[in-house]
Amino acid sequence: MANQYNYDVLYLGSGHGTFDGAIPLAHSGVKVGIIEEDMIGGTCPNYGCNAKITLDAPVALTRKVEQLQGIVEGQLSINWTKSEAHKQDVIKGLPGMIGDLLTDSGIDVIHGKGTFKDNHTVLVDGQPKTAEKIVISTGLRPHRLDIPGTELAHDSRAFMSLTKLPKQIAIIGSGYISMEFATIANAAGANVTVLMHGDQVLRNFYHPYVAQVVKDLEKRGVKFVKNAGVSSFEKSGEQVEVHYGDSRTLTVDWILDATGRIPNVEKIGLDKIGVKYNQHGIEVNDYLQTSVDNIYASGDVIDKAQPKLTPTAIFESTYLSKRFSGQINDPINYPVIPSVVFTSPRIAKVGLSIEEGKEKSYQIETNYLPDDWYRQVDNETIGDNSMVFDNQHHLVGVTEVSEQAENVINTLLPAIEFKFGPAELNRLVYLFPSIGSAAWTQLS
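Residues numbered from 1 in each chain as written. Predicted model: local features only at pLDDT ≥ 70, side-chain atom pairs only at ≥ 80, totals over all residues. Heavy atoms only, no water.

Colleague: I'm lost on the overall build of the protein in this one. Help?
Modeller: The helix and strand tally for the protein stands at 15 helices and 23 strands. Since a compact globule built from 444 residues should have a radius of gyration of about 22 Å, the 23 Å found for the protein is in line with a globular shape. The principal-axis extent of the C-alpha atoms belonging to the protein is close to 70 × 70 × 40 Å. Within the protein, residue pairs in contact and separated by at least 24 positions form 64% of the contacts whose partners lie at least 6 positions apart. Put simply, the protein shows about 20500 Å² of open surface, and 50% of that area lies on carbon and sulfur atoms. (Helix = DSSP H or I, 4+ residues; strand = E, 2+ residues; numbered from the N terminus. Rg over C-alpha atoms; globule rule 2.2 N^0.38 Å. Contact = heavy atoms within 4.5 Å. Areas by Shrake-Rupley, 256 points an atom, 1.4 Å probe, with all protein chains shown as cover.)

Written as structure tokens, this is what we have:
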């Protein structure tokens, strides 16, 4: 690559859209720099996936004990303060570990706010850093409601840093973050009210399965307010009032604004250099190239049809690494990418949705999971899945609601990605008994 620049490749952001590919790229002999204004590793390791699943682990345990009551004696309760401290113990070393991997690979990590001066130059606190190619991997940030008193609400990062759990919590929104944190907070003893923008939660998942998750949360005391029309927040002594609907008021101790996440495209100079973007993110072609030919984008900041998830960002980052190091010249070819909501029960999917399968007149097989002997081991009482098969009886999609939905989807994923037929299916022998074996037998 060119020598007139400080770097061959310069990344804005240090999350999974960057470091998974930047490390092997640097090992290939490419000079790499990374600019980061916050924590090394980005959202997922520091205040996203890793933190969330650590807080969820006690919830999953209490659910299993609950299912086995009578066989297992006694009740469990979650100590929120200790759970949050454990979460911090789990994640606190990740930025340093990732940073060490970067620097040990010969990558320059530059701390500060990066803004474009031109298509080869990024200013960091006024100091120019130049590169032949630049990758924008600035991710997403929490959306904030534009209403009076919005400063009284908090985001997901703040929720996962609470050392003491508020007794009364209002959650605004009904997507992934809302449902996962409603599950966690409720299980830890909070009184939770979810105020919905519309009349359905998790709109991108199969509604009858979502309804099972909602019904279970309602049974546990979570309240859902449809079409809430939240209009303002107001301080009321030590508490906060949520004003919504037709002059209705809800008084709580704490508010979580879970109204979505938006791309970090502002105030980095994209307009100045002509990089096109919209409300969904940066526009790219099939090579992850922006409207400026030496500038690329990776991760959640991209406007794309694929799910904005960590595995997607990793795939994009490693694709760019191979492209920049000369290993490939082909356009990106996304694999099938699964999605999961870590409620209890989980709801997960991969490939064609049930609705898409019906539109194509594909065969859809539905299984009531508590009928499966292996699910009876844990006394599972909630669970269904639907498998979508094409006209050659290849598995092309699965949606499941159950306590082990994420593990089932992971098990069945290869059958979809590689279009396994009977010969391939019959060659796979899973450990028995296991959830993988139980899932695989449903294909035969």
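Colleague: Teacher, can you tell me more about the nonpolar core here?
Modeller: When a protein is soluble and globular, its nonpolar side chains tend to lie buried together. One finds Tyr-11, Val-32, Phe-116 and Ile-136 to be the most contacted residues of the largest nonpolar core, which totals 43 residues. Residue contacts for Ile-136: discarding those within four places in its chain leaves Leu-12, Phe-116, Ile-268, Leu-270, Val-275, Ile-282, Ile-295, Tyr-296, Ala-297, Ser-298 and Val-301. In this structure, Val-59, Ala-188, Val-192 and Leu-256 belong to the second largest nonpolar core, which totals 42 residues. (Core = buried A, V, L, I, M, F, W, Y, C linked by side-chain atoms within 4.5 Å. Buried < 20%, exposed > 50% of the residue type's maximum accessible area, 1.4 Å probe, protein only.)

Colleague: Please explain the environment of Pro-345 as it appears in this structure.
Modeller: Mapped onto the secondary structure, Pro-345 falls in the loop between β19 (339–341) and β20 (346–351). The exposure class of Pro-345 is buried, given its relative accessible area of 1%. Along the primary structure Pro-345 and Arg-63 are separated by 282 residues, whereas in three dimensions their C-alpha atoms are 9.0 Å apart. Once you skip the residues sitting within four places of it in the chain, Pro-345 turns out to touch Val-213, Asp-216, Ile-382, Val-401, Ser-402 and Glu-403.

Colleague: Explanation requested: the packing of helix α3 (residues 49–67) against helix α7 (residues 176–187) in the structure shown.
Modeller: The relative placement of two packed helices comes down to the angle between their axes together with the axis-to-axis distance. Look at α3 against α7: their axes get within 10 Å of each other, and the N-to-C directions meet at 55 degrees. When the interaxial angle is binned, α3 and α7 end up oblique. When you trace α3 past α7, the crossing you get is left-handed. Where α3 abuts α7, its residues Lys-52, Leu-55, Asp-56, Val-59 and Arg-63 lie against Glu-180, Phe-181, Thr-183, Ile-184 and Ala-187. (Axes fitted to C-alpha atoms, helices over the stretch in contact; angles between N-to-C directions. Parallel < 35°, antiparallel > 145°, perpendicular 65-115°, else oblique. Left-handed = near helix turned anticlockwise from the far one by under 90°.)

Colleague: Help me understand the packing of helix α1 (residues 16–27) against helix α10 (residues 310–324), please; the structure alone is not making it clear to me.
Modeller: One way to put it is that α1 packs onto α10 with a least axis distance of 7 Å and a crossing angle of 35 degrees. You can see that α1 and α10 cross each other, and the crossing is right-handed. Here His-16, Gly-17, Thr-18, Phe-19, Asp-20, Gly-21, Ala-22, Pro-24 and Leu-25 of α1 come into contact with α10, specifically with Thr-310, Ala-313, Ile-314, Ser-317, Thr-318, Ser-321 and Phe-324. Taken together, the residues that form the contact of α1 with α10 break down as seven nonpolar, eight polar and one charged. (Nonpolar A, V, L, I, M, F, W, Y, C, P; charged D, E, K, R; others polar.)

Colleague: Can you walk me through the pairing of strand β14 (residues 254–257) in this structure?
Modeller: Across a regular strand the side chains alternate sides, sitting on one face of the sheet and then on the other. Here β14 shows a buried face lined by Trp-254 and Leu-256 and a second buried face lined by Ile-255 and Asp-257. Sheet analysis places strand β8 (residues 168–172) next to β14, joined by four bridges and oriented parallel. Directly across from Ala-170, in β14, lies its bridge partner Ile-255. (Pairing = 2+ DSSP bridges.)

Colleague: Sorry if this is basic, but what is going on with the sheet that holds strand β12 (residues 239–244) here?
Modeller: Across a sheet, paired strands are connected by hydrogen bonds in the backbone, their directions being either parallel or antiparallel. Read from one edge of the open sheet, three strands run β11-β12-β13, paired in antiparallel fashion. Edge positions in the open sheet fall to β11 (230–236) and β13 (248–252), since each of these has one partner strand only. Across the sheet, the mean angle from the axis of one strand to that of its neighbour is 25 degrees, orientation sign disregarded.

Colleague: How do you make sense of the packing of aromatic side chains when you look at a structure like this?
Modeller: Two measures describe an aromatic ring pair: the distance that separates the ring centres and the angle between the ring planes. Applying the stated criterion to the full structure yields eleven aromatic pairs. Aromatic pair Tyr-430 and Trp-440: ring centres 5.3 Å apart, planes at 45 degrees, arrangement tilted. Separated by ten residues along the polypeptide, Tyr-430 in the loop between α14 (422–425) and α15 (435–440) and Trp-440 in helix α15 bring together distant segments of the chain. Using a relative accessible area of 31% as the deciding quantity, one classes Tyr-430 as partly exposed. Note on Trp-440: relative accessible area 8%, which makes it buried. Pairwise contacts between aromatic rings join Trp-80, Phe-159, Phe-181 and Trp-254 into one cluster. Between Arg-157 and the ring centre of Tyr-47, over which it is positioned, the NZ or CZ distance is 3.8 Å. (Phe/Tyr/Trp six-rings, centres within 6.5 Å; stacked < 30°, edge-to-face > 60°. Lys NZ or Arg CZ within 6 Å of the ring centre and 35° of its normal.)

Colleague: I keep staring at empty space enclosed by the protein and nothing clicks. Help me out?
Modeller: The method is simple in principle: a probe with the dimensions of a water molecule rolls over the atoms, and the space it marks as empty is what remains. Tallied over the full model, the rule gives two cavities of 30 Å³ or more. Taken as a whole, the largest cavity encloses approximately 40 Å³ of empty space. For the lining of the largest cavity, the per-class residue count stands at six nonpolar, two polar and no charged. Approximately 40 Å³ is the volume attributed to the second largest cavity. As for the second largest cavity, its lining consists of Pro-142, Ser-156, Ile-177, Asp-257, Ala-258, Thr-259, Gly-260 and Arg-261. Within the lining of the second largest cavity, the residues separate by chemical class into three nonpolar, three polar and two charged. (1 Å grid on protein atoms, 1.4 Å probe; cavity = no way out; pocket = protein on both sides within 12 Å on 5 of 7 lines; lining within 4 Å. Points joined across faces, edges and corners; volume = space filled by probe spheres on them.)

Colleague: I would appreciate a short explanation of the sheet that holds strand β21 (residues 363–368) in the present structure.
Modeller: Sheet architecture is open: five strands sit in the order β19-β20-β23-β22-β21, paired in antiparallel fashion. Sheet topology places β19 and β21 at the edges, where each strand pairs with a single neighbour. Strand-to-strand twist in this sheet, taken as the mean axis angle between neighbours without regard to direction, amounts to 10 degrees. Direction of pairing for strand β22 (residues 384–389) relative to strand β23 (residues 395–402): antiparallel, over a ladder of six bridges. Residue Ser-386 lies in a different strand from β23, and its bridge partner there is Thr-399. Relative to the sheet, helix α13 (residues 405–417) contacts β19, β20, β22 and β23, its axis offset from that of β23 by approximately 175 degrees.

Remember that the coordinates give geometry; whether it matters functionally is a separate question.
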